[in-house]
Amino acid sequence: MKRKMFANALSSVAAVMLTSAANSRCAFIYHQPKQPEGLEEIPKDSKMGKVAKILANYVIQKGTVKEDEREIYEYGFTVAMETVLCIIVCFVASLVLHTVFEGILFFVIFIPLRSYSGGLHLNNYWSCFSLSCLTFLSIMLLGKYLDFSIYILLTVFFLSGN
């Protein structure tokens, strides 16, 4: 019974990530895996792809997902794992820098903005991961060590509106 509930929870996570990936852009900075047909194909040789395949096998064996939905759920699990890994690394960086509030604020503003605005996509996850973490770290360091007066911030705000 508990395993069936776990399988249901796993398939729900994949379904949420699928819906998000199908209806918007990548929430992070530079990468979104190729979508399977019906959504396109995921790189099967990646470590994330292998773990996603194991998770998809699990939910199929438990009867939560049908066999013909395998590729779609593998994709959903891949997107979920990539997203969680990036968030964990960025959160740990925020803890180390003592910028947890700023990090949370960054994600609250940035993820919806990025999800619906589009932008650059790199060809593989690890390039995206590195560049996303570097961008996050740069913004946290700038916010921590540079002092912006309210006048500079208001000027930038009004100039960016045009």
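Structure report, in brief. All values derive from a computational prediction rather than experimental measurement.

### Describing the nonpolar core
Core analysis: the largest hydrophobic core is formed by 19 residues, its most contacted members being Phe77, Cys86, Cys90 and Phe136. Elements that contribute at least two residues to this core include exactly helix H2 (47-61), helix H3 (70-97), helix H4 (100-117) and helix H5 (125-145). With 6 residues, H3 is the single largest residue contributor to this core.

### Overview of H2
Taking 1.5 Å of rise per residue, the 15 residues of H2 would be expected to cover 21 Å, and the 21 Å separating its terminal C-alpha atoms lies within 8% of that figure. Of all the residues in H2, the buried ones are Met48, Gly49, Ala52, Ala56, Val59 and Ile60. For H2, the angular spread of buried residues about the axis comes to 105°, placing them on one side. Across from the buried face of H2, at angles greater than 90 degrees, the exposed residues are Lys47, Ile54 and Gln61. Looking one or two places after H2, you find glycine 63, whose phi comes out positive at around 80°.

### Quick notes on the packing of aromatic side chains
One pass over the structure, following the stated rule, counts 4 aromatic pairs. Each ring, one from phenylalanine 106 and one from phenylalanine 107, has its centre 5.4 Å from the other, and the planes form 75°; the classification is edge-to-face. In this structure phenylalanine 106 comes out as buried when scored by relative accessible area, which is 11%. In this structure phenylalanine 107 comes out as buried when scored by relative accessible area, which is 15%. Ring geometry for tryptophan 126 and phenylalanine 129: centres 5.5 Å apart, planes at 75°, overall edge-to-face. Here phenylalanine 129 and tryptophan 126 lie together in helix H5, a separation of 3 residues that amounts to about one turn.

### As for H5
Across its 21 residues, H5 extends 30 Å between first and last C-alpha, which sits within 8% of the 30 Å expected from 1.5 Å per residue. For H5, every residue scored as buried is listed here: Tyr125, Cys128, Phe129, Ser132, Cys133, Phe136 and Met140. Looking down the long axis of H5, one finds its buried residues gathered within 120° of arc, a one-sided arrangement.

### Thoughts on the pattern of salt bridges
Summed over the entire model, instances satisfying the criterion amount to 2 salt bridges. A salt bridge links glutamate 67 to arginine 70, with the shortest nitrogen-to-oxygen separation between them at 2.8 Å. What you see here is one network of salt bridges that share partners, running through Glu67, Arg70 and Glu74.

### A short note on unusual backbone geometry
Even without a glycine there, the phi angle at histidine 98 is positive, about 60°. On the secondary structure map, histidine 98 appears in the loop between H3 and H4. In this structure histidine 98 comes out as exposed when scored by relative accessible area, which is 67%.

The rules we used
- Residues numbered from 1 in each chain as written.
- Predicted model: local features only at pLDDT ≥ 70, side-chain atom pairs only at ≥ 80, totals over all residues.
- Heavy atoms only, no water.
- Core = buried A, V, L, I, M, F, W, Y, C linked by side-chain atoms within 4.5 Å.
- Buried < 20%, exposed > 50% of the residue type's maximum accessible area, 1.4 Å probe, protein only.
- Helix = DSSP H or I, 4+ residues; strand = E, 2+ residues; numbered from the N terminus.
- Expected span 1.5 Å × (residues − 1).
- Arc of directions from axis to C-beta.
- Phe/Tyr/Trp six-rings, centres within 6.5 Å; stacked < 30°, edge-to-face > 60°.
- Salt bridge = Lys/Arg side-chain N within 4 Å of Asp/Glu carboxyl O.

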